[in-house]
Amino acid sequence: MELGQPSRTALAAAAHRAAHQILEQGRIFADPLAVRILGTDAESIAREAEEDPSRRRMRIFIAVRTRFAEDALAAAVERGLRQVVVLGAGLDTYAYRSPFRDRLRIFEVDHPATQEWKRWRLAEAAIPLPSSLVFAPLDFERQTLAEGLAEAGFDPAQPTFFTWLGVVPYLTAPSVWSTLGFIAGLRNGAHVVFDYANPPDSLSPLSRLAHDRRAARVAELGEAWLSYFDTDQLHAGLMDLGFTEIEDLGPPQIAFRYFPSRAISFPDTGGHILRAAKL
Ligand SMILES: C[S@@+](CC[C@H](N)C(=O)[O-])C[C@H]1O[C@@H](n2cnc3c(N)ncnc32)[C@H](O)[C@@H]1O
């Protein structure tokens, strides 16, 4: 993150979600506010997305990770959960369109510069804010999540669902483990969904090429990828923290779940989306 500047990758992720609504008609993940929050017309969004066909891969991954998180969140809400934290929210629109928003207390945590910019975008787009929403500005590298949430009025005694999409790769490993430790330490249960990437040297040559290109692009934007995880080591670390349920979809499982009719084989390593719960 550049000092005082909103996250450019948050804008890029939001553009991918908007393009998914237009180019794939939101087939994996439908978001009626995705285009509106960007403040750009649908034609320009589609044109830009189609300029570089290699962007499709990231667009689909972003649609999948959001769908996976929101399906798991809906299941937890149906079972009675009432507190949600959107970590590194960027231009995520869950709080403004969730069918459960009136039943939930939702905290949006993000880097102060990104959050300020988002609040300006929400006002510009005239998107109404639910009364239950709380903005909690926080730099994960400088302040702990416990401190940031305590200042915002978070109730640590309530079972809580954390979504943490597109953020882990941009943080250092100690800061990732500190946040996971806080979530696991909540005494009445917690769920977390986040995405992560396997180390570059474990990737197939084709995936490695795609990774290196994308890594160079985000580094140019001043938001380099800082952490990668070996899947077995990550699961062991999560269990050490006390998480009792882990659901982890790597490339083949993502393909199997979301594209069952496409008989393509996928490498085992790459981008993952993971749900961990401590109940
Ligand atoms: C790629 S964007 C993802 C945004 C959103 N979750 C999504 O899926 O569209 C990365 C997000 O992480 C946030 N972020 C990166 N480093 C951070 C830090 N040190 N503290 C707080 N937030 C950070 C950025 O502000 C940005 O909103």
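Residues numbered from 1 in each chain as written. Predicted model: local features only at pLDDT ≥ 70, side-chain atom pairs only at ≥ 80, totals over all residues. Heavy atoms only, no water.

Undergrad: When you look at the overall build of the protein in this model, what are you seeing that I'm missing?
TA: Counting its regular elements, the protein contains eleven helices and seven strands. At 18 Å, the protein has a C-alpha radius of gyration in line with the 19 Å of a compact globule built from 279 residues. Oriented by its inertia axes, the alpha-carbon framework of the protein measures out at about 45 × 45 × 40 Å. Evaluated residue by residue, the protein yields a buried proportion of 53% over its 279 residues. Within the structure as shown, the protein displays about 13,000 Å² of accessible surface, and the carbon and sulfur contribution to it stands at 53%. (Helix = DSSP H or I, 4+ residues; strand = E, 2+ residues; numbered from the N terminus. Rg over C-alpha atoms; globule rule 2.2 N^0.38 Å. Buried < 20%, exposed > 50% of the residue type's maximum accessible area, 1.4 Å probe, protein only. Areas by Shrake-Rupley, 256 points an atom, 1.4 Å probe, with all protein chains shown as cover.)

Undergrad: Just to check I follow, could you spell out the packing of helix H4 (residues 55–78) against helix H11 (residues 251–258) for this structure?
TA: The relative placement of two packed helices is expressed as an angle between their axes plus a distance between the axes. Contact pair H4 / H11: the axes reach a minimum separation of 12 Å and the direction vectors enclose 75°. It follows from the interaxial angle that H4 and H11 lie roughly perpendicular. Along the contact surface, H4 presents Phe61, Val64, Arg67 and Phe68, while H11 presents Ile254, Arg257 and Tyr258. In terms of residue class, the contact of H4 with H11 is made up of five nonpolar, no polar and two charged. (Axes fitted to C-alpha atoms, helices over the stretch in contact; angles between N-to-C directions. Parallel < 35°, antiparallel > 145°, perpendicular 65-115°, else oblique. Contact = heavy atoms within 4.5 Å. Nonpolar A, V, L, I, M, F, W, Y, C, P; charged D, E, K, R; others polar.)

Undergrad: Teacher, can you tell me more about helix H7 (residues 145–152) here?
TA: Residues spaced three or four apart along an α-helix point in a common direction, a consequence of the helix completing one turn every 3.6 residues. Considered for burial, the residues of H7 that qualify are Leu145, Gly148, Leu149 and Ala152. Within H7, the buried residues cover an arc of 90° as seen down the axis, which keeps them to one side. In this structure, H7 carries Ala150 and Glu151 as exposed residues pointing more than 90 degrees from its buried face. Looking at the buried positions of H7, the neighbouring elements they touch are strand E1 (83–87), strand E2 (105–110), strand E3 (133–137), strand E4 (160–164) and helix H8 (173–184). (Arc of directions from axis to C-beta.)

Undergrad: Explanation requested: the site of the ligand in the structure shown.
TA: Arg17, Gly88, Asp110, Phe140 and Leu165 are the nearest of the 22 residues found near the ligand. Coverage of the ligand by the protein chains reaches 97% of its 590 Å² of free accessible surface. For the shell around the ligand, the leading source of residues is helix H1 (residues 8–23), giving four residues. Residues belonging to the shell around the ligand are distributed by class as follows: ten nonpolar, seven polar and five charged. (Near = heavy atom within 4 Å.)

Undergrad: Before we go on, may I ask you to explain empty space enclosed by the protein in this structure?
TA: Summary: where empty space remains is shown by rolling a probe the size of a single water molecule over the atoms. As enumerated under the stated definition, the model contains one cavity of 30 Å³ or more in all. What the largest cavity holds in volume is close to 40 Å³. Every residue lining the largest cavity is listed: Ala69, Glu70, Leu73, Val86, Asp92, Tyr94, Thr163 and Leu165. Considering only residue class, the lining of the largest cavity consists of five nonpolar, one polar and two charged. (1 Å grid on protein atoms, 1.4 Å probe; cavity = no way out; pocket = protein on both sides within 12 Å on 5 of 7 lines; lining within 4 Å. Points joined across faces, edges and corners; volume = space filled by probe spheres on them.)

Undergrad: Where do I start with the nonpolar core in this structure?
TA: The nonpolar side chains of a soluble globular protein tend to be buried, and buried together. Within the largest apolar cluster, 47 residues are counted, with the highest numbers of intra-cluster contacts made by Tyr96, Ile106, Val193, Ile254 and Tyr258. The leading source of residues in this core is H4, at ten residues. Core analysis: the second largest hydrophobic core is formed by 33 residues, Ile183, Leu238, Phe243 and Leu274 among them. (Core = buried A, V, L, I, M, F, W, Y, C linked by side-chain atoms within 4.5 Å.)

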